[in-house]
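Analysis of the macromolecular model
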Amino acid sequence: FKGNTTIENFNSSVAGTAYSIDGTMTVGENVECGGSFKLAAGATLTAKEGLDVETVDGYILAYNNGVYATISTTANVATYAELKAAIANADIKTIVLTADINCGTEQLAITKEITLDLGGKTLTTGNAYGGMSIKGNPTIKNGTIVHASNTAAIKVWNATAFEDLVIDVQGKGDANKTIGGIVL
């Protein structure tokens, strides 16, 4: 089904049949389905609760006030405020930077299992107690972290994956000694 569709009466007892929805669909109370509905990205289904509904990869399914909807598990971010909001969002599993981001003097804390894909961009940190605090087993990949303060760029509290990552530590510690990139 594509576009906007309304179905008032529908009865299909054919088990295993999948009905794809790419748009908005409303089904009445008299709809019985032995198969399932699969929602494309951005699609919605207004229907009674309890139908067999699934969604495409990269999205989760939500049901609220009679509406099934897809929610993306990926956030594309271009600002520090968007980055913090994406980290705080329980539904987000992957964050992709679409621009270089400067965290200023705030420490970026990641405390859950997510993928932070720098997208070839630069994440700049400058907190005096460490640019990033990492817990919860996230993956950080594909870009550059620049840290210009007097402690480590990344403080890691448990296992974390780093892939295709450059860490550029520009700060100096006591007696003008260079500070390390990662503290485990």
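Everything below is about the structure printed above this text.
What counts and what doesn't
Residues numbered from 1 in each chain as written. Predicted model: local features only at pLDDT ≥ 70, side-chain atom pairs only at ≥ 80, totals over all residues. Heavy atoms only, no water. Salt bridge = Lys/Arg side-chain N within 4 Å of Asp/Glu carboxyl O. Helix = DSSP H or I, 4+ residues; strand = E, 2+ residues; numbered from the N terminus. Buried < 20%, exposed > 50% of the residue type's maximum accessible area, 1.4 Å probe, protein only. Core = buried A, V, L, I, M, F, W, Y, C linked by side-chain atoms within 4.5 Å. Contact = heavy atoms within 4.5 Å.

A full pass over the atoms with the stated rule returns one salt bridge. Across the pair Glu 106 and Lys 84 runs a salt bridge, and its minimum N-O distance is 3.2 Å. You can see Glu 106 sitting in the loop between β10 (101-102) and β11 (108-110) and its partner Lys 84 sitting in helix α1 (residues 80-88), a full 22 residues away along the chain.

So, about unusual backbone geometry. Note: most residues except glycine have negative phi, and most peptide bonds are trans. The backbone of Asn 137 sits at a positive phi, close to 65°, despite the residue not being glycine. Examined against the element boundaries, Asn 137 turns out to sit in the loop between β14 (132-134) and β15 (139-147). On the basis of relative accessibility, which here comes to 34%, the residue Asn 137 falls in the partly exposed class. Unusually for a residue other than glycine, Asn 142 sits at a positive phi of about 65°. If you trace the backbone, Asn 142 turns up in strand β15.

Let's shift gears to the nonpolar core. Ranked by internal contacts, the top residues of the largest apolar core, which has 25 residues, are Leu 83, Ile 95, Leu 116, Leu 123 and Met 132. The element contributing the most residues to this core is α1, with four residues. What Leu 123 contacts, discounting residues up to four positions off in sequence, is Leu 83, Leu 97, Ile 101, Cys 103, Leu 108, Leu 116, Leu 118, Met 132, Thr 144, Ile 145 and Val 146.

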